[in-house]
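Analysis of the macromolecular model
The residues making up each chain are set out below.
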Amino acid sequence: MMLLWTLFPLLLLHVIPAAPESSHGHVSVVLMGATGDLAKKYLWQGLFQLYLDQVTSGHSFSFHGAALTEPVAGMERMSLVLKELICPLDVPANRCALLKDQFLKLSSYFQLKTAENYTTLSRNIERSMEEEGLVEAGRLFYLSVPPFAYAEIARHINSTCRPPAGAWLRVVLEKPFGHDLESAQRLAAELQSFFQEEEIYRVDHYLGKQAVAQILPFRHQNREFLEPLWNRRHVERVEIVLKETVDAKDRTSFYEEYGVIRDVIQNHLTEILMYVALETPRDPSNSDLVLQRKLETFGSLRSLDKSSSVIGQYQDYAGQVREELQKPEGFFSTTPTFAGVVVHIDNLRWEGVPFILMSGKALDEREAYVRVLFKHQAFCIQRESINSQCKPKQIVFHIGHGNLGYPAILVSRNLFKPALPEGWKEITDHPPHLHLFGQAATDFHVYRPMQEREAYSVLIANIFHGRKESFIMTENLLASWEFWTPLLESLTHEVPRLYPGGIENGNTLDFTILGSEISFVQDDPLMLMDAGAGQHTAKDFGTLKSIFRDSTLVSGWTDELILALAQDIQDTAEKHVKLSGKFHLAISGGSSPVVLLQRLAAHHYTFPWRYTHLWMVDERCVPLTDPESNFHSLHEHLLQHVHVPYVNIHPMPVHVNQRLCVEDDQGVELYARDISQLVNNGSFDMVLLGVGSDGHTASLFPHSSEALGSDRMVLLTESPSKPHQRMSLSLSLLNKARKVAVLVLGKGKHDIVTLISRVGQDPQKLPITGVKPTFGQVVWYIDYDALLL
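Residues numbered from 1 in each chain as written. Predicted model: local features only at pLDDT ≥ 70, side-chain atom pairs only at ≥ 80, totals over all residues. Heavy atoms only, no water.

1. Some thoughts on the overall build of the protein
The line we're drawing: Put simply, DSSP H or I for four residues or longer makes a helix, DSSP E for two residues or longer makes a strand, and each gets a number counted from the N terminus. By definition in these notes, contact holds between two residues if any of their heavy atoms fall within 4.5 Å. Surface accessibility follows the Shrake-Rupley procedure with a 1.4 Å probe radius. Residue values consider only the protein chains on display as shielding. In summary, the charge assignment counts Lys and Arg as positive and Asp and Glu as negative, without counting His or the chain termini. All charge positions are set by atom: Lys at NZ, Arg at CZ, Asp at CG, Glu at CD.
Looking only at helices and strands, the protein has 23 helices and 35 strands in total. C-alpha atoms of the protein, sized along the principal axes, occupy 115 × 70 × 45 Å. For the protein, long-range pairs separated by at least 24 residues make up 77% of all intrachain contacts whose partners lie at least 6 apart in sequence. When the accessible surface of the protein is summed, it comes to about 34800 Å², and 51% of that surface belongs to carbon and sulfur atoms. Between the mean site of the 72 positive side-chain charges and the mean site of the 92 negative ones, the protein shows a separation of 3 Å.

In structure tokens, the structure reads:
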């Protein structure tokens, strides 16, 4: 194919300075996926910008669009895109028209579908080199195609499309780079079987954003001022935020597979985190040194669990999924469209500083930024001036949009005046009353690029020059997935909080951070509202309370449910301690409370254990040291881990006079007397119950007429299973409680939950139905396995 390159200097003689006499060689660019959305929106424009920048550099170019579409149709579609290319504002119109025409003539289309197609492309390039007398400098393959196609394309490039010896090969890949650690390792291994590491360029387009690209140079250039401040002694927190107003409409297929953490946080925001947190190398443009510093930082990241994140989903998402993916009417999705994650770095510089990564769709505004907020340590006597030490101190890398509307670096004037970044200018003529991040714009030194450039144009230029510091190396990629995969796996069955979208979100998604844990400000746990006839859809999930047997129902996946119940117990404890100086909690036995006890022991450091009295709801007639003893379980999972005063622990006296549950030993009377003396009116502040598959609660079993109808406070009962003898609080005592929480977990309880939901009050058949406190409330905590499956 005739390239016509030798004619172009003549055409451009009076417009463009002549190229250097010695050619730097020919570069062939192959854009695969040439008619796709990304190519239309960004990639062709980026390649055109590369041509504009390099037209006088001594290089010659050819641009080959490629796709699966047959040649005539493919060329027609590609031509429509190329005709829409534009020049920067500083390029004169006549020069722009000529350059655009040149670019169009240098561009061709190839169908790349079979091995023979790739062979034809390579031969075409080689023949053109011979005809024009050009030396090939390199080939750039940009793969704007789905990741499942990478391996096959890589095989063809490696086998038939490599440039000759002495020329470089650069293969560009778009995210996603895997779905988790295992898939990323598999994909990396496939690519490494065809290409060397220096030949692979993984694009994270946020690293081409001008404000992001300035983070490392800014830190390096201002290290004299920043080094004393850029650490845990002075930084309060770091916020890395990407907010979007658009939703996932027309992209639900992708989003159902990836969700917001995989789509945005694991890659874009994590890479930005690295730029902020890594130890600056002596040369920030050295990709090997940057990679080394990144890996060191990844190695210092504290591992994440579910308590490190909050997730949400906008209200209309599930409906969009049902419509676009043809899901049934009852389908609901647990894919998060919003996430906030707190990350901690356990090294000397950053220990204790929270890095908050947040992104979401259908939010109130479109904005992206990195905000480093410094501690407020001054006390000012005089009225605050513009440089007052009492004003907030912050450095913001404003990525785009928002009130400012352009990429910028903002530095509080009461910190220091930074060195002016190369190619940037200071802005002083702000619109009146413009406020940024809680401060007047005049409180900042504000810098913006002299010329704004689209991220893909920046990255394509870096690829051409072989600059790898803005791209994701294999080790970098795998370190990121190793960090994020455990959290993603733990969130698989978590149901996100629903939010309406846009400005209607209000404070629904606001969250707070306490240590390494993060939680929504609104304490209402995720509830399930009655949809009727057992049919539930995504719209049934919200933060509104639901009803089960005329009482409050809280539902969620098991871990989420336990977290909500543990918080409920702590809130109730704090309320009663504040009112009366003590809290009386009665706990039922069995396996269900074990995870709750572990949660209370491991995470509730501020629980008022010193003022808490712990009672048993029921007990097996075995020694208290026996593994089957309910008290033994309480001790094993809670008491040995917290500081409850010895006198506040009240095991049931089932073992008296070296005998077990002998009525003559009056164990039930002893326990009833203790309750009468210590618990006001015998009304426990809170009672935790479970439900057996036969409907029993505490150790009150069906068809035990004497026990179920007794007015006594404490009873000896008979269990259908061994050990048969039990001691239990009576229904009459349970119904004096101020609050009763009923915890029901697991698929094995689904049938009894369904039965309980349909019957009236019949404690002789289903003792749990007799739990109806006279002056208290019942809250049912039922997990999805028991409620829905």
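2. Observations regarding the state of the cysteines
Heads up, the condition is: Criterion for a disulfide: a pair of cysteine sulfur atoms at a distance within 2.5 Å.
This model, assessed by the stated rule, comprises two disulfides. Disulfide pairing is shown between Cys-87 and Cys-96; the S-S distance is 2.1 Å. Of note, the bridge from Cys-87 to Cys-96 carries an S-S torsion of about 90 degrees and is right-handed in sense. With a sulfur-sulfur separation of 1.8 Å, Cys-621 is cross-linked through a disulfide to Cys-661. Given an S-S torsion of about -90 degrees, the disulfide between Cys-621 and Cys-661 has left-handed geometry. One end of the pair, Cys-621, is in the loop between strand 27 (618–620) and helix 18 (630–637); the other, Cys-661, is in the loop between strand 30 (659–660) and helix 19 (667–678), with 40 residues separating them in the sequence.

3. Focus: the confidence of the model for the protein
Note the following rule: Confidence scores per residue from the predictor, reported as pLDDT, run from 0 to 100.
On average, the protein scores 88 in pLDDT, and the residues at 70 or more come to 93%. Ignoring residues within four places in sequence, the model shows residues 1–22, a span with pLDDT below 50, making 46 contacts including any to other chains. Every residue in residues 524–545 is under pLDDT 50, and counting partners more than four places away or in other chains gives 61 contacts.

4. Considering the packing of helix 2 (residues 37–54) against helix 4 (residues 93–106)
Rules: Note on definitions: angles span 0 to 180 degrees between N-to-C directions of axes, and those axes are lines fitted to C-alpha atoms, for helices only across the stretch in contact. An angle counts as roughly parallel when it lies under 35 degrees, as roughly antiparallel when it exceeds 145, as roughly perpendicular when it falls between 65 and 115, and as oblique in every other case. Handedness of each helix crossing follows the sense of rotation of the near helix against the far helix: counterclockwise by less than a right angle gives left-handed, clockwise gives right-handed. Throughout this entry, Asp, Glu, Lys and Arg are counted as charged residues, while Ala, Val, Leu, Ile, Met, Phe, Trp, Tyr, Cys and Pro are counted as nonpolar. The remaining residues, Gly among them, count as polar.
Across the interface, helix 2 lies against helix 4 with an axial gap of 11 Å and an inter-helix angle of 115 degrees. Relative to helix 4, the element helix 2 is oriented roughly perpendicular. Note on packing geometry: the crossing formed by helix 2 with helix 4 is right-handed. Two secondary-structure elements touch here, helix 2 through Trp-44, Leu-47, Phe-48, Tyr-51 and Leu-52 and helix 4 through Leu-99, Lys-100, Gln-102, Phe-103 and Leu-106. Here the contact of helix 2 with helix 4 is built from residues that sort into eight nonpolar, one polar and one charged.

5. Considering the pairing of strand 34 (residues 739–744)
To keep things clear, this is the line we draw: Exposure classes here rest on a 1.4 Å probe applied to the protein chains alone. A residue is buried below 20% of its type maximum, exposed above 50%, and partly exposed in between. Each pair of strands is called paired provided DSSP finds at least two bridges between the two strands. Handedness of a crossover is defined as follows: orient the strands so they point away from the viewer, and if the path from the first strand over the helix to the second runs clockwise, the crossover is right-handed.
By the criterion of burial, strand 34 is predominantly enclosed, with six of the six residues buried. Covered by surrounding structure in strand 34 are Lys-739, Ala-741 and Leu-743 together with Val-740, Val-742 and Val-744, the residues of both alternating faces. Of the pairings in the sheet, the one linking strand 31 (residues 686–690) to strand 34 comprises four bridges and is parallel in character. The residue of strand 34 that forms the bridge with Leu-689 is Val-742. As judged from the six bridges shared by strand 34 and strand 35 (residues 777–783), these two strands associate in the parallel manner. Note that in strand 35 the partner of Leu-743 across the bridge is Tyr-781. Following the chain from strand 34 across helix 22 (residues 750–758) to the adjacent parallel strand 35, one finds a crossover that is right-handed.

6. A word on the pattern of salt bridges
Counted only if it meets this: In the sections that follow, a salt bridge refers to a side-chain nitrogen of Lys or Arg positioned within 4 Å of a carboxyl oxygen of Asp or Glu.
Applying the stated criterion across every chain, the model contains 28 salt bridges. One salt bridge connects Glu-126 with Arg-139, and the closest N-O pair in it is separated by 3.9 Å. Taken together, the positions of Glu-126 in helix 5 (residues 115–132) and Arg-139 in strand 4 (residues 136–143) put the pair 13 residues apart, joining distant regions of the chain. We note a salt bridge from Asp-665 to Arg-659, for which the minimum N-O separation is 2.7 Å.

7. A look at the packing of aromatic side chains
Heads up, the rule is: Any Phe, Tyr or Trp ring, taking Trp's six-membered ring, that has another such ring centre within 6.5 Å forms a pair; planes under 30 degrees apart are called stacked, those over 60 apart edge-to-face, and the others tilted. The rule is short: NZ of Lys or CZ of Arg within 6 Å of the ring centre and within 35 degrees of the ring normal puts a charge over the ring.
This model, assessed by the stated rule, comprises 27 aromatic pairs. Ring centres of Phe-61 and Phe-63 lie 5.7 Å apart, and the angle between their planes is 5 degrees; this geometry places the pair in the stacked category. Under the relative-accessibility criterion, Phe-61 is labelled buried at 0%. Given a relative accessible area of 0%, Phe-63 falls into the buried group. With 4.8 Å between their ring centres and 75 degrees between their planes, Tyr-369 and Phe-437 make a pair best called edge-to-face. A residue pair is termed long-range when its members are at least 10 positions apart, and Tyr-369 in strand 11 (residues 367–374) and Phe-437 in the loop between strand 15 (435–436) and strand 16 (439–440) qualify at 68 residues. The same class applies to Tyr-369 and to Phe-437, which are both buried. The ring of Tyr-206 carries the charged tip of Lys-209 above its face, separated from the ring centre by 5.0 Å.

8. Re helix 3 (residues 71–82)
Going by this rule: Expected helix span is taken as 1.5 Å per residue step, with the number of steps being one fewer than the number of residues. For this analysis, a polar contact is any N or O atom pair within 3.5 Å, provided that within protein one partner can donate a hydrogen and the other can accept it, and provided that sequence-adjacent residues contribute only side-chain to side-chain pairs.
Between the first and last C-alpha of helix 3 there are 16 Å, a value that for twelve residues agrees with the 16 Å anticipated at 1.5 Å per step. Every buried residue belonging to helix 3 is among Ala-73, Gly-74, Met-78, Val-81 and Leu-82, and all of these are buried. Turning to helix 3, the residues buried within the fold contact helix 2, strand 2 (59–67), helix 4 and strand 3 (107–111). Backbone nitrogen of Val-72 and a side-chain oxygen of the N-cap are separated by 3.2 Å at the start of helix 3; the cap is Glu-70.

9. What to know about the sheet that holds strand 4
Read across the sheet, six strands follow the order 3-2-1-4-5-6 without closing on themselves; strand pairing throughout is parallel. Looking at strand neighbours, the two that pair on one side only are strand 3 and strand 6 (200–203), the edges of this open sheet. Here the strands of the sheet are splayed against their neighbours by 20 degrees on average, with no regard to which way each runs. Across eight bridges, the pairing between strand 1 (residues 25–32) and strand 2 is parallel. Opposite His-26, over in strand 2, you have Ser-60 as the bridge partner. Along the sheet, helix 5 contacts strand 1, strand 2, strand 3 and strand 4; its crossing angle with strand 4, the most-contacted strand, is approximately 150 degrees.

10. A short note on the packing of helix 7 (residues 181–192) against helix 15 (residues 474–490)
It is at 9 Å that the axes of helix 7 and helix 15 come closest, and there the two elements cross at 165 degrees. One way to sum up the angle between helix 7 and helix 15 is to call them roughly antiparallel. When you trace helix 7 past helix 15, the crossing you get is left-handed. Two secondary-structure elements touch here, helix 7 through Leu-181, Ala-184, Gln-185, Ala-188 and Gln-192 and helix 15 through Thr-474, Leu-478, Trp-481, Glu-482 and Thr-485. For the contact of helix 7 with helix 15, the per-class residue count stands at five nonpolar, four polar and one charged.

11. Here we look at the nonpolar core
The line we're drawing: By convention a nonpolar core is built from buried Ala, Val, Leu, Ile, Met, Phe, Trp, Tyr and Cys residues, the set being connected through side-chain atoms within 4.5 Å.
One finds Met-32, Leu-143, Ile-272, Phe-355, Ile-395 and Trp-484 to be the most contacted residues of the largest nonpolar core, which totals 118 residues. In terms of residue count, helix 11 (residues 252–277) provides more of this core than any other element does, twelve residues in total. Not counting chain neighbours up to four residues away, the residues in contact with Trp-484 comprise Ile-261, Ile-265, Gln-266, Thr-270, Leu-304, Val-341 and Leu-357. With 79 residues, the next largest nonpolar core counts Leu-639, Ala-707, Val-753 and Ile-756 among its residues.

12. With respect to the environment of Leu-348
Checked against the element boundaries, Leu-348 lands in the loop between strand 9 (338–343) and strand 10 (355–360). Leu-348 gets classed as exposed once you look at its relative accessible area, which sits at 71%. Taking the C-alpha atoms as reference points, Leu-348 and Ser-300, separated by 48 residues in sequence, lie 9.8 Å from one another.

13. Structural notes on the environment of Ser-28
With respect to the helices, strands and loops of the structure, Ser-28 is situated in strand 1. Given a relative accessible area of 0%, Ser-28 falls into the buried group. Residues Ser-28 and Thr-606, 578 residues apart in the sequence, show an inter-C-alpha distance of 65 Å. Setting aside residues up to four positions removed in sequence, Ser-28 forms contacts with Ser-62, His-64, Ile-125, Glu-136, Gly-138, Arg-139 and Leu-140.

14. Comments concerning the side chain of Asp-665
By the element assignment, Asp-665 lies in the loop between strand 30 and helix 19. Here Asp-665 is in contact with Val-656, Asn-657, Arg-659 and Leu-670, once residues within four sequence places are set aside.

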